[in-house]
Amino acid sequence: MTRKQIHLGAHFPGVNNTTVWSDPQAGSQTDFASFVRFAQNAERGLMDFLFLAEGLRLREHRGRIHDLDVVGRPDTLTVLNALAAVTTNLGLAGTINTTFNEPYELAKQFASLDHLSGGRAAWNMVTSSDAFTGENFRRGGFLERSQRYERAAEVVAVVRKLWDSRGEPVEHHGAQFDVSGRFPLPPGPQGHPVLIQAGDSAEGRDFAAAAADAIFTLHGTLEAGQAFYTDVKSRLPRHGRGEQDLKILPGVTFVLGDTDADAHEQAAHIRRQQVSPQTAIAFLEQIWGRELAEYDPDGPLPDVDPDVDNVSITRGRVRHARDPRAVAQEWRDFAAAHGGLSIREVVIEKTGRQSFVGAPRTVAAEMDLFVQSDACDGFILVPHLTPGGLDRFVAEVVPELQDRGSYRTAYSGPTLRDHLGLRHPHAPLTRQESA
Amino acid sequence: MSPFTEARMHLGVELCGAGRHPGAARWARIDPAALLTPAHHVALARTAARRGLDLAFVPDTFVDDVPVLEAVAVAARVAPVVSGIGLVPAVPVTHTEPFHVSKAVATLDTVSGGRAGWEPVLSRTPAEAALFGRKPAAPPDVLWREAADVVEVVVRLWDSWEDDAVIRDVATGRYLDRDKLHYIDFAGEFFSVKGPSITPRPPQGHPLVVVRADEPAALPVAGRWADVVRIAAPDLDAAAVTRERVRTAVAAAGRDPDDVTVLLDVEVHLAEDAYRARADVAELDVLAGALEPASVRVAGSPSDLADLLGRAVRVGAADGVTFVPLVLPIDLDAIADRAVPLLAGRGLFRTGRSGGTLRARFGLTRPANPFAAVNR
């Protein structure tokens, strides 16, 4: 039996503190040249797709635009269409909100991208419902949080009807939408663009099992990954789908060095770059729910307790769901247990998201282990530098993965469905898959 | 940019599927599937750019008999590989989100290196409204009033980032000078938008705004916002009247009419001579039903087309034209390779290509940012 193959997505560095802007090597986050360089490098590394995130309202902290992280993104679909001109095989995945877009235009936009890229389009569907983001849109914050997935599922149902309509009139009347008319485009080369779902909640898992081709999840331990993998894949038969029909791709970071020790040293340096003194305080303020500008980032954690009623200090990003007082106590205990860590040191240790650290061979072996032991089907790589963040991975880890027999040495077909080993949407399950 | 003081015309071309005539694909034996490939659009834009045409218009609509790709997507797909021509997609504004439109056009400007424009278009029909199911169709005066608000929001969102907002100040840990980002706080009759944009100000500041102003309700929008105005007219005298109306509307909005370029649509089918060209059009009409001219039409030789453009300049019918080829790519090939050299020879069109931004081609500077002015 052939070895399970690793799938790789390349996440263009995002607008959060994972992306290091203070490094001398950090280039523009918004110039098209940065996207071209990043995408062409991902293609050189034979990756399945480039991935663009999107947020539709600039983050705010203490009532003002958050200014400590990278800010600003070009329009997702416009960048992807332009990148289609300067790449040949690379899949082009864009994050587009199901709440602040209508199904008819979504269907047309993604069908257009699929035609114009020769079958390389993917849509990462995100669901949001916050009134904060809604202030930028016609309907405002119209959607109850509890209806996010109801709307998303209906969006997908309508969009698929339109993609499949082949000039016949479409009628859809549901709780969220009343859509009727003709869709002006035949299906693109992929039939349906690849659908990616981001989110780990039970609702998100069900939605992914029913509707998505790939799931963008969070990386945990090997065991946590395996549990998630088993859970999600076991939901597929219920929807008439096989195990190969949904790829599980955690987002991961990586730090490479000449040796493992060198990599760990660099990783520590990057974590300090990611958590500047000001960023450390801002993180703390998110949890404490109060202004802490007077505290010394190199001094101890505040004695005061979090203000649990102030839930809106940071807006436009995912909030900690846990009780802030419990988090504060945990952080204090952590600081004490490690010989009295400073605020910045605690934030670095508690928020650092470095998944794979080591020499290229070490990282390749570890990633392969995750895939071969069914903790995932591959990864969405989140580098910390724009635009060169993938350079070393492509030059040094990709050949190691190839040597292990776990990664392609050439693209096998023109479309993203080919890369991901996904069926054409109307192809039947193979006997082996349905067994 | 009065035609009387400046001999040089501005020339655009509409790149519409197999051409404006519904029989074009069958007549030219073009596989309809080929019309959806990137190669088709890239080849057309290259031809238009080859002889230095100023603009390529990419039409868009939600309802049509022929397959229509999203125009911004087509323009973006073409931009990195075709240089030296402005790219102006039509952008439906009636059922779409102004916030999305603003960042899409800003980004087209980025990926094209400052060659983007956009033409807001209305979705007028109940059939289009039913595709969205959000609101009923509305009469033109309402739709144009809404379009004016959309244009205002789009432009203000472009301005919501000052050019030097990104500071990367390691000492203070700040990536951004947030005093240089601005809420637009727009609240109008149809919608409200908070801002700022998620996308920095585009290279041109304001990508070119193109407004079609054939109907009275469009004139205030053109007068207030347009850099380029498109008109259609049955003949040159009628075009001259419409052009004057546009210039009056521009003046009424407190702007200099010479800052606004009026382009007349000219439907084109070229052959060796007028006899042959008309015979072709008759064949096309038989294939797919007659296409009534939507504006001045030249079915004739390249020199017939050049003659018409010379007359258009003399009678003040337009500051330039938008060629609307009846059959693509053959009419575009003939326009670029045969008619444009004639126009250049007659001093009606500049020779050679010109670089720079699309605004610069139209003699427009990069606009100051009003938010920045307030800040000082």
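Residues numbered from 1 in each chain as written. Chains lettered and ligands numbered in written order. Predicted model: local features only at pLDDT ≥ 70, side-chain atom pairs only at ≥ 80, totals over all residues. Heavy atoms only, no water.

Q: How do you make sense of the overall build of chain A when you look at a structure like this?
A: Helix and strand counts for chain A come out as 15 helices and 15 strands. A compact globule built from 435 residues would reach a C-alpha radius of gyration of about 22 Å, and chain A, at 22 Å, matches this within 12%. For chain A, the spread of C-alpha atoms along the three principal axes comes to 65 × 50 × 45 Å. By residue count, 60% of the 435 residues in chain A fall in the buried class. Taking the 45 positively charged and 57 negatively charged side chains of chain A as two groups, their mean positions are separated by 4 Å. (Helix = DSSP H or I, 4+ residues; strand = E, 2+ residues; numbered from the N terminus. Rg over C-alpha atoms; globule rule 2.2 N^0.38 Å. Buried < 20%, exposed > 50% of the residue type's maximum accessible area, 1.4 Å probe, protein only. Lys, Arg positive; Asp, Glu negative; His and termini not counted. Charge placed at Lys NZ, Arg CZ, Asp CG, Glu CD.)

Q: Looking at this model, I keep getting lost on the nonpolar core. Mind explaining?
A: It is characteristic of soluble globular proteins that their nonpolar side chains tend to be buried jointly. If you look at the biggest cluster of nonpolar residues, it comprises 186 residues, and the most contacted ones within it are Met47, Phe379 and Phe393 of chain A together with Phe323 of chain B. The dominant element in this core, judged by the number of residues it contributes, is helix H6 (residues 140-159) of chain B, at 11 residues. Residues within four places of phenylalanine 393 of chain A in sequence aside, it is in contact with Leu8, Met47, Phe254, Leu256, Met367, Leu381, Val398 and Leu401 of chain A. (Core = buried A, V, L, I, M, F, W, Y, C linked by side-chain atoms within 4.5 Å. Contact = heavy atoms within 4.5 Å.)

Q: In this structure, what is going on with the pattern of salt bridges? I would like to understand it.
A: Oppositely charged side chains may form a pair once their charged atoms are brought near each other. Tallied over the full model, the rule gives 64 salt bridges over all chains. Between lysine 103 of chain B and glutamate 54 of chain A there is a salt bridge, with the nearest N and O atoms lying 3.5 Å from each other. In this pair, lysine 103 of chain B is assigned in helix H4 (residues 98-111) and glutamate 54 of chain A in the loop between strand S2 (49-52) and strand S3 (60-61), connecting two distinct chains. Judged on exposure class, the residue lysine 103 of chain B and its partner glutamate 54 of chain A are both buried. For aspartate 305 of chain A, the salt bridge identified is with arginine 332 of chain A, shortest N-O distance 3.4 Å. Placement of the pair is aspartate 305 of chain A in the loop between helix H9 (277-288) and strand S13 (314-315) and arginine 332 of chain A in helix H10 (residues 324-337), with a sequence separation of 27 residues. (Salt bridge = Lys/Arg side-chain N within 4 Å of Asp/Glu carboxyl O.)

Q: Looking at this structure, I do not really get helix H11 (residues 330-345) of chain B. What am I missing?
A: Given 3.6 residues per turn, any residue in an α-helix points the same way as the ones three and four places further on. Residue and element names in this part refer to chain B. Here H11 is 16 residues long and its end C-alpha atoms lie 22 Å apart, about the 22 Å a rise of 1.5 Å per residue gives. In the structure, H11 departs most strongly from a straight axis at alanine 339, where the bend amounts to approximately 35° and where the proline proline 341 lies between one and four residues downstream. The set of residues buried in H11 consists of Asp331, Leu332, Ala334, Ile335, Ala336, Ala339, Val340, Leu343 and Ala344. Tucked into the core, H11 has its buried residues touching strand S1 (10-14), helix H2 (38-50), strand S11 (261-270), helix H10 (302-314) and strand S13 (320-325). Downstream of H11 by one or two residues, glycine 347 has phi in the positive range, about 75°. (Expected span 1.5 Å × (residues − 1). Bend = angle between axes of the 7 residues up to and from the residue.)

Q: Can you walk me through helix H8 (residues 260-274) of chain A in this structure?
A: Residues and elements named next belong to chain A. An ideal rise of 1.5 Å per residue puts 21 Å on 15 residues; H8 measures up with 21 Å between its terminal C-alpha atoms. Buried within H8 we find Ala263, Ala267, Ile270, Gln273 and Gln274. Each buried residue of H8 sits inside an arc of 115° when the element is viewed along its axis, so together they form one side. Exposed residues pointing more than 90 degrees away from the buried face of H8 are listed as Ala261 and Glu265. (Arc of directions from axis to C-beta.)

Q: In this structure, what is going on with the domain arrangement of chain A? I would like to understand it.
A: Residue and element names in this part refer to chain A. When its domains are assigned, chain A resolves into domain 1 (7-257 + 354-434) and domain 2 (276-351). Taking the mean C-alpha position of each, domain 1 and domain 2 sit 31 Å from one another. Facing the 10 residues of domain 1 at the interface are 13 residues of domain 2. A combined buried area of about 1,000 Å² lies between domain 1 and domain 2, and 51% of that area is made up of carbon and sulfur atoms. (Domains from an automatic or database assignment. Buried area = accessible area lost by both parts, 1.4 Å probe.)

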